[in-house]
Amino acid sequence: MSACQDVYDILLKKFQEKYGRKPEVVAYAPGRVEILGNHTDYNEGYVLSAAINFGTYFAVASREGLESRLCAGDVMEEVSFNADQPSATKDHMWSNYVKGVLAGINAIQKPTHGFDAMFLGNIPLGSGLSSSAALEVAAGLAFSKLYGVVLSNLELARIGQKAEHDFAGVKCGLLDQFSSINGKKGSLVWSDFRTYDVKPVTIGEDVCFLMCNTNARHALVDGAYNERRQRCEQAAAFFATRLDHKVAALRDVSWEEWLKYHGEMDPITAKRSAHPIGEDERVLSGIEMLRNNNLAGFGRLMFESHDSSRNYFENSCPELDTLVDGAQAIPGVLGARLSGGGFGGSVVVMVNKTDVEAASVALRNVYANKHGSRCDTRIITCSDGARVVIG
Ligand code: GLA
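Okay, so let's go over this structure. (Residues numbered from 1 in each chain as written. Predicted model: local features only at pLDDT ≥ 70, side-chain atom pairs only at ≥ 80, totals over all residues. Heavy atoms only, no water.)

1. Some words on the pattern of salt bridges
Defined as follows: When a carboxyl oxygen of Asp or Glu lies within 4 Å of a side-chain nitrogen of Lys or Arg, that pair is called a salt bridge. Starting at the N terminus, helices and strands are each numbered in turn, a helix being any DSSP run of H or I of at least four residues and a strand any DSSP run of E of at least two. Residue burial is assigned from relative accessible area. The probe radius is 1.4 Å, only protein chains are included, and a residue is buried under 20% of its type maximum, exposed over 50%, and partly exposed in between.
According to the stated counting rule, one finds 25 salt bridges in the structure shown. The partner of Asp-116 in a salt bridge is Arg-63, with the nearest N and O atoms 3.3 Å apart. With Asp-116 in strand β5 (residues 114–121) and Arg-63 in strand β2 (residues 46–63), this pair connects stretches of sequence that are 53 residues apart. Residue Asp-116 is classed as buried on the basis of its relative accessible area, which comes to 1%. Judged by its relative accessible area of 22%, Arg-63 is partly exposed. Between Lys-271 and Glu-314 there is a salt bridge whose closest N-O contact spans 3.3 Å. In this pair, Lys-271 sits in helix α8 (residues 267–291) while Glu-314 sits in the loop between α9 (295–313) and α10 (318–327), placing the two residues 43 residues apart along the sequence. You can call Lys-271 partly exposed: its relative accessible area is 29%. One network of salt bridges, in which partners are shared, links Arg-21, Arg-63, Arg-69 and Asp-116.

Quick look at the structure:
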């Protein structure tokens, strides 16, 4: 039985105990790992990512009237509000993701009744594996089914993204929701955040991915994220005035163009913009390398990606650097980098399958020796995306 099956069984039991009936709809959405392409999504660029084998279930049943109850199944904390008036709160921050999603669904169709809902997942919070996107996508799928609202994958992802923007204050791109929805078992997913095309990219059977959660989350993460995004937009506006082709986003700027003009920008904006521009190029080369089964080359791109985060985007931190630097010396490791927003969270390590257990122990030791605290490691598998389980 998988860990996710356990979560599902516990959720059904808790739902029955709390609300005295079975849910009408249950949806599941996985977390995601970002393999290459950091902070490229909101720059209309490319990302290689995967949905993972950890996720969140969202269970819901209709209720007469508009008053609705929402329960976080891990702590059994409940909030109630009217289904037609979801608004952000400061006291139960976890509920904001769900309320934000409901607001997105309400904008398409006003609810005629309320609900009882509960969710439960097994993605560690703050680990950089997108527990919030998994919750948004699972809630979005469940509500759309409950209220009979038909959504495309892109609309569902955008509803989750808008919940982050308006209810959680993070001006994120679409990567997390997109990966959670479009994941494909056994494959990485290549997303183009201009055309919204998604293609599976196979990676072969010899390597696997290890997530190492530093358990570190540095202060002001959300503010730093939004600030980075703003810098990228300023850089794109600058390049639009210099280049003789259209620049709608940093996706339209090549590394050669960056080299030629970066000295004319203010130094911080220049540094920040180097990162997504370089990342787009690394994603494209990485796909070529995977096609040619050049796993060593792909791993090197992951290390380069981390260097770029560390030096240009400054979204790494000592805890992440310890793991990436340590990984370079561990037998069987091909590549390592921070995954997701940065400033804490997890490092993703690509490692030969035969070496994964030893590498995992070695990484935990490296981390404990340097920081005197624990980092959690787990092998992740590329998994299918979100789905309705009941309903
Ligand atoms: C977070 C955001 C994503 C993306 C990544 C960085 O996970 O939610 O939209 O920008 O950071 O690539």
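Having seen the structure, we can now continue with the description.
2. What about the packing of aromatic side chains?
What counts here: In this scheme Phe, Tyr and Trp rings, the latter by its six-membered ring, pair at centre separations within 6.5 Å, and the angle between planes marks the pair as stacked below 30 degrees, edge-to-face above 60, and tilted otherwise. Throughout this description, the term charge over a ring refers to an Arg CZ or Lys NZ atom that lies within 6 Å of the ring centre and within 35 degrees of the ring normal.
Under the definition given, this model contains 17 aromatic pairs. Here Tyr-8 and Tyr-57 contribute two aromatic rings whose centre-to-centre distance is 5.1 Å and whose plane-to-plane angle is 40 degrees, an arrangement assigned as tilted. With a gap of 49 residues between them, Tyr-8 in helix α1 (residues 3–19) and Tyr-57 in strand β2 connect regions that are remote in the sequence. Neither residue differs from the other here; Tyr-8 and Tyr-57 are each classed as buried. Taking 4.8 Å as the distance between ring centres and 10 degrees as the angle between the ring planes, the aromatic pair formed by Trp-255 and Trp-258 counts as stacked. You can see Trp-255 and its partner Trp-258 sitting in helix α7 (residues 255–261), three residues apart, about one turn around the helix. Taken together, the ring pairs connect Phe-58, Phe-81, Trp-94, Phe-115, Phe-119, Phe-143 and Tyr-147 into an aromatic cluster. Taking NZ or CZ as reference, Lys-99 lies 5.2 Å from the ring centre of Phe-81, over its face.

3. Observations concerning the site of the ligand
Note the cut-off: For this purpose, a residue is taken to be near a molecule or strand whenever a single non-hydrogen atom of the residue falls within 4 Å of it. The term polar contact refers here to a pair of N or O atoms within 3.5 Å; inside protein, the definition further demands a hydrogen-donor-capable atom paired with an acceptor-capable atom, and it admits residues adjacent in sequence only when both atoms are side-chain atoms. Using a 1.4 Å probe, accessible areas were evaluated by the Shrake-Rupley method; residue-level cover was limited to the displayed protein chains. All residues other than Ala, Val, Leu, Ile, Met, Phe, Trp, Tyr, Cys, Pro, Asp, Glu, Lys and Arg, Gly among them, are scored as polar; the first ten of these are nonpolar and the last four charged.
By nearness alone, 13 residues border the ligand, and Glu-34, His-39, Asp-41, Asp-176 and Tyr-225 come closest of all. Here Glu-34 contributes a side-chain N or O atom positioned 2.6 Å from an oxygen atom of the ligand. When the ligand is considered free in solution it has 300 Å² of accessible area, and contact with the protein chains removes 93% of it. Put simply, the parts of the chain that give the shell around the ligand at least two residues each are β1 (25–36) and α5 (175–182). Looking at the shell around the ligand residue by residue, the classes come out as four nonpolar, five polar and four charged.

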